[in-house]
Amino acid sequence: MQDIVSKTDLRTELLARRAAMRPEERSAAARPIRDALLSLPEVEMAGTIAAYASIGDEPDTRSLLFALWKRGTYVLLPILLPDGDLDWASYEGPDSLVPGARGCLEPSEPPRGPGAIAGADVVLTPAVAVDRTGVRLGRGGGSYDRALARVGPAILTVAPLYDGELVEALPVEPHDQRVRAVATPSGGFVRLS
Ligand SMILES: Nc1nc2c(c(=O)[nH]1)N(C=O)[C@@H](CNc1ccc(C(=O)N[C@@H](CCC(=O)O)C(=O)O)cc1)CN2
Ligand SMILES: Nc1ncnc2c1ncn2[C@@H]1O[C@H](COP(=O)(O)OP(=O)(O)OP(=O)(O)O)[C@@H](O)[C@H]1O
């Protein structure tokens, strides 16, 4: 319970920090994150990438999605299901996104089922923070804990973050699924152990 309480507090604090960033600072983060990811061999070689369309104060992923799509990568995006699990459907360009639950932008293509993430060669996950061992703090719905449990051990899982959101240590619970890397504006791509 101690950990759960402190996760909630941490999430609140980190989201407030994002909200307090200057808009220019937020928008300046998107390009270095995008470029670090686009030049990564795993991303260049990937046939399918599971990603997400950023919302609100999250580091912007829209130009990354567009670049991947233009390059011919098959991009899957999440659809939030009523029980908090994630379904997946293909991204077919910026005009193919529609408003979904909780302020999300979701793909309008036919859903392929929650198991579709297992076919991704690289998975990009939203996160509020990640620690040095890959423990990830998300929105608190457990959606990505469920989704990442379906991803094989050799698959690169990466969370785009702002500087300062790769932290020393986060509280960890048994259901928490780690990510294997992060991408930040100043640090670029950082693989975690
Ligand atoms: N961009 C993005 N897509 C995602 C997630 C995410 O964290 N970010 N999810 C991660 O699991 C899933 C959806 N789950 C979500 C759970 C809560 C909220 C949320 O707290 N929304 C705020 C408003 C959003 C904002 O403007 O910042 C809210 O409802 O108050 C959003 C998505 C799948 N898609
Ligand atoms: N496999 C699962 N099936 C059902 N519920 C789960 C599962 N994994 C985690 N949960 C539930 O999700 C809730 C939120 O967990 P947590 O705070 O770790 O979310 P998070 O990792 O921050 O969020 P997210 O994964 O959506 O980004 C917890 O109450 C947990 O019990």
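Residues numbered from 1 in each chain as written. Chains lettered and ligands numbered in written order. Predicted model: local features only at pLDDT ≥ 70, side-chain atom pairs only at ≥ 80, totals over all residues. Heavy atoms only, no water.

In plain terms, the rule: UniProt positions are given in the numbering used here, feature names are shortened, and annotations may be inferred rather than shown by experiment.
Labelled according to an unreviewed UniProt entry, the chain appears under the name 5-formyltetrahydrofolate cyclo-ligase, originating from Actinomadura geliboluensis. Taken from UniProt, the Catalytic activity (unreviewed entry) comment for the chain reads in full: "(6S)-5-formyl-5,6,7,8-tetrahydrofolate + ATP = (6R)-5,10-methenyltetrahydrofolate + ADP + phosphate". If you open the UniProt record of the chain and go to Cofactor (unreviewed entry), you find "Mg(2+)".

1. Thoughts on the site of ligand 2
We count it as follows: Note on terminology: near, applied to a residue and a molecule or strand, indicates that one of the residue's heavy atoms is within 4 Å of it. As used in this structure description, the phrase polar contact means that two N or O atoms lie within 3.5 Å; if the pair is within protein, one of them must be able to donate a hydrogen and the other to accept it, and residues adjacent in sequence are counted only when both atoms belong to side chains. The accessible surface values rely on the Shrake-Rupley method and a 1.4 Å probe; as for residues, cover is taken only from the protein chains in view. Only runs of H or I of at least four residues qualify as helices and only runs of E of at least two qualify as strands under DSSP, and these elements are numbered from the N terminus. Polar here means any residue other than Ala, Val, Leu, Ile, Met, Phe, Trp, Tyr, Cys and Pro, which are nonpolar, and Asp, Glu, Lys and Arg, which are charged; Gly is therefore polar.
Lining the immediate surroundings of ligand 2 are 15 residues, of which Lys7, Arg136, Gly138, Ser143 and His175 lie closest. Within the side chain of aspartate 145, an N or O atom sits 3.0 Å from an oxygen atom of ligand 2. Here aspartate 176 contributes a side-chain N or O atom positioned 3.1 Å from an oxygen atom of ligand 2. Isolated, ligand 2 exposes 650 Å² of accessible area, and the fraction of that covered by the protein chains is 68%. Broken down by secondary-structure element, the contributors of at least two residues to the shell around ligand 2 are α1 (2-20), β8 (136-137) and α5 (143-148). When residues of the shell around ligand 2 are assigned to their parent elements, the largest contribution, 4 residues, is made by α5. Split by residue class, the shell around ligand 2 holds 2 nonpolar, 6 polar and 7 charged.

2. Looking at the sheet that holds strand β7 (residues 129-131)
Heads up, the condition is: Pairing between two strands requires that DSSP report at least two bridges joining them.
Spatial strand order, β8-β7-β10: 3 strands in an open sheet with mixed pairing. The open sheet is flanked by β8 and β10 (166-167), the only strands paired with a single partner.

3. Overview of the pattern of salt bridges
Let me state the cut-off plainly: Should a side-chain nitrogen of Lys or Arg be within 4 Å of a carboxyl oxygen of Asp or Glu, the pair is scored as a salt bridge. Think of it in three bands: residues with accessible area under 20% of the maximum for their type are buried, residues over 50% are exposed, and the middle band is partly exposed, with areas taken using a 1.4 Å probe on protein chains only.
All told, the structure shown has 10 salt bridges when counted by the stated rule. Lysine 7 is paired through a salt bridge with glutamate 173; the nearest N and O atoms lie 2.8 Å apart. Here the residue lysine 7 occupies a position in helix α1, and glutamate 173 occupies one in the loop between β10 and β11 (181-184), the gap between them amounting to 166 residues. Of the two residues, lysine 7 and glutamate 173, both sit in the buried class. For glutamate 13, the salt bridge identified is with arginine 17, shortest N-O distance 3.3 Å. Taken as a pair, glutamate 13 and arginine 17 lie in helix α1 at a separation of 4 residues, close to a single helical turn. The partly exposed category is assigned to glutamate 13, whose relative accessible area is 46%. Here arginine 17 falls in the partly exposed class, since its relative accessible area comes to 45%. Among the ionic contacts, a cluster of salt bridges with common partners joins Lys7, Glu173 and Asp176.

4. Quick look at the packing of aromatic side chains
The description of two aromatic rings rests on the distance between their centres and on the angle between their planes. Inclusion rule: Aromatic rings from Phe, Tyr and Trp, taking only the six-membered ring of Trp, are treated as a pair when their centres fall within 6.5 Å; an angle between ring planes under 30 degrees marks them as stacked, one over 60 as edge-to-face, and anything in between as tilted.
Following the criterion strictly, the structure yields 3 aromatic pairs and no others. Geometrically, the ring pair formed by phenylalanine 66 and tryptophan 69 is tilted, given 5.8 Å between the ring centres and 45° between the ring planes. Separated by 3 residues within a single helix, phenylalanine 66 and tryptophan 69 lie in helix α4 (residues 62-71), roughly one turn from each other. Exposure remark for tryptophan 69: the relative accessible area of 29% places this residue in the partly exposed category.

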